[in-house]
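Analysis of the macromolecular model
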Amino acid sequence: MSRHRNFRNLDEDDYYDDDYYDDDEYYDEDEYYIEQQREQERKKKEEAERKAKENKLKQQKQMLQQQKLKQQQMDDAKKNSAGGKSSGGGISLGKPPPGFTVESKNTDTATKSNNAQNMPLPQLPLNILASLRSNSTTGDVIRSHLSMVILGHVDAGKSTLTGRLLLSLNHVSQRLLQKYQKAATSIGKSSFALAWFTDEDDSERERGVTIDIGTKFAKTEKFDFTILDAPGHKDFIPNMISGTASADCGLLVVAATTGEFEAGFARGGDSSYSGGQTREHIVLSRGLGVTQFVVAVNKLDAAEPSWSKERFEHIKSMVLDFLIQNGFKEARITFVPVSGLTGVNISNSDKVEDEEGWKALKKWYKGPSLLEALDGFSPAKRGYEKPLRAIVTDVSPEGKNVNVRGRVVQGFIQSGDNVAVLPVGDDATVVRVERGKAAQEGSSPYSFASPSSTTSSSTSNEALLDGIALAGDTVELTLANIDSARVMSGCVICHPHPSLRPKVEQRFEARISVMERLAVPMIRGSQVLLHMHSIDVPAVLSKLLLSEKRGENPRQNPRVLTGGVTATVEITLSERLVIEESNECKALGRFVLRRGGDTIAVGLIDKVLA
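Residues numbered from 1 in each chain as written. Predicted model: local features only at pLDDT ≥ 70, side-chain atom pairs only at ≥ 80, totals over all residues. Heavy atoms only, no water.

**Some remarks on the pairing of strand E8 (residues 401-410)**
The element E8 is largely enclosed, with a buried count of seven among its ten residues. The pairing of strand E7 (residues 389-398) with E8 spans nine bridges and is classified as antiparallel. What sits directly across from Asp-394, in E8, is Arg-405. Between E7 and the antiparallel strand that follows it, E8, lie two residues; Gly-399 among them carries a positive phi value of about 65 degrees. Bridge count between E8 and strand E14 (residues 474-480): six bridges; the pairing is antiparallel. Within the sheet, the bridge partner assigned to Arg-405 lies in E14 and is Glu-476. (Buried < 20%, exposed > 50% of the residue type's maximum accessible area, 1.4 Å probe, protein only. Helix = DSSP H or I, 4+ residues; strand = E, 2+ residues; numbered from the N terminus. Pairing = 2+ DSSP bridges.)

**Focus on helix H9 (residues 237-244)**
Those residues of H9 that sit buried are Ile-237, Met-240, Ile-241, Gly-243 and Thr-244. Each buried residue of H9 sits inside an arc of 165 degrees when the element is viewed along its axis, so together they form one side. Against the buried residues of H9 lie strand E1 (144-151), strand E3 (223-229), helix H11 (278-287), strand E18 (527-532), strand E23 (590-595) and strand E24 (598-609). (Arc of directions from axis to C-beta. Contact = heavy atoms within 4.5 Å.)

**As for the packing of aromatic side chains**
One pass over the structure, following the stated rule, counts eleven aromatic pairs. Taking 5.9 Å as the distance between ring centres and 65 degrees as the angle between the ring planes, the aromatic pair formed by Tyr-180 and Trp-196 counts as edge-to-face. With Tyr-180 in helix H7 (residues 174-186) and Trp-196 in the loop between H7 and helix H8 (202-207), this pair connects stretches of sequence that are 16 residues apart. Looking at Tyr-180, the relative accessible area reads 13%, which means it is buried. With centroids separated by 6.4 Å and ring planes inclined at 65 degrees, the aromatic side chains of Phe-225 and Phe-377 adopt a geometry described as edge-to-face. In this pair, Phe-225 sits in strand E3 while Phe-377 sits in the loop between helix H14 (370-374) and E7, placing the two residues 152 residues apart along the sequence. (Phe/Tyr/Trp six-rings, centres within 6.5 Å; stacked < 30°, edge-to-face > 60°.)

Put into structure tokens, the structure is as follows:
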């Protein structure tokens, strides 16, 4: 009987005919199983040989690294004993870097320490470290750098005030202002001319509303500022979060006119801060790491009566109370009455358009001008000696290379460095490093200029940073040997050695602070949108571990989280991200949770889970 019969033509007797399926003609049962056993044994032998080869190569590599480290330590010790500098102008490697020599009973920590010793932490040259640590007032030190975010309710005058600030510092020209005034008048928005210095997109200028973060650079007597003009409209809160996550300090702009302050400071209805954005901006900025504020009480010239001391004190008392409630220290908060439109109290040396307003203000106000208040900020503490972490915010291909803009949040980066781009894990080479610099009058205030192209008035030690960017710097990098499609906003640039990389995981344990006016309680399995620096990803509250509320006992494994509680939760992301514990890297350990367009919580990562 043919073995290729058409099954459609088989009748029932043929289908169950035992003679049709003759197993002996197909295979010998004993021979089949013997062949299977031999195949399994062969695969096991090949796998064992492969693992043995890998282990041997790994041991050889570790021995070579240890020999290289010992030789380098011996060379550095000889140079130090002779009074010379370490190779490459760096710090001697005779002693392991801080944080990697502490013996721990925890096996994971000890293993990490050993790995780190195999690859010593890169160190800044001694001359740069000396300049950073110097307390000299002679101008021979590297100037402190601060990133400042401009916050406030929509139409509070943030962009106009920022434009006036740039004009007072001579970072923009009167000629450009006249050009903007003419163009703004032609579309019926003559009072928006100063705002056009930061609102450069056509849609922003037509609508009169900031949509995306506007980045400018300014130089005061004490600091080099990166100014981040954040949108105030509720629809663009994600953009505001992206800018605030990069900030060291904040300029909170509050409108003093009747009705505008109340609208911006309103609590809202049942949902989280559905009214004004001033409150939400304060809560978000504190959760994202901003610890010091200058509060500019703007438009005081349009209050009733104009330049009213009572109105200023009323706004100050309400805003100050809310800032203190959210963890800000009163010593780090300064209130300044200003008029961004006329320039009153922006700088004591400026000629203002409203001389009468200036005289009325000086009758009762004896405090600092806005520029003096900004110079009153405390310098930020930088992790120069920590492993490199640089967050990418913008990407553009350039021939075979890739240009990326971003911020160095810790460590340092210089031309010629080999780096890794996470989470994709590709390696690249840095061929160009340019730090953000304040432009001179008549040129764009948004410019990346290398120290060699700055004016002669720059301090001599600025030349030390040619081709180097430090923690806190806004930078533009050119990367080689990597595909532009593999680099995107939100990527993290770090050292290529595994022991110096951050973790790329999907789960973590965190402490969160739930917003006071929460419309819908949070339960296990709640779906949220997690915002971290310049990215946002869907996430799920996979476990509720602990909750506590002021005046109440902590609750283990709560069933629900309501407004105003502090909780420990486990969060599972929809994809693997570059994350770290907040005590290791603040920028990669702070986040915001949102749901349905409302902010519901801010949090810190305590533990990254594999």
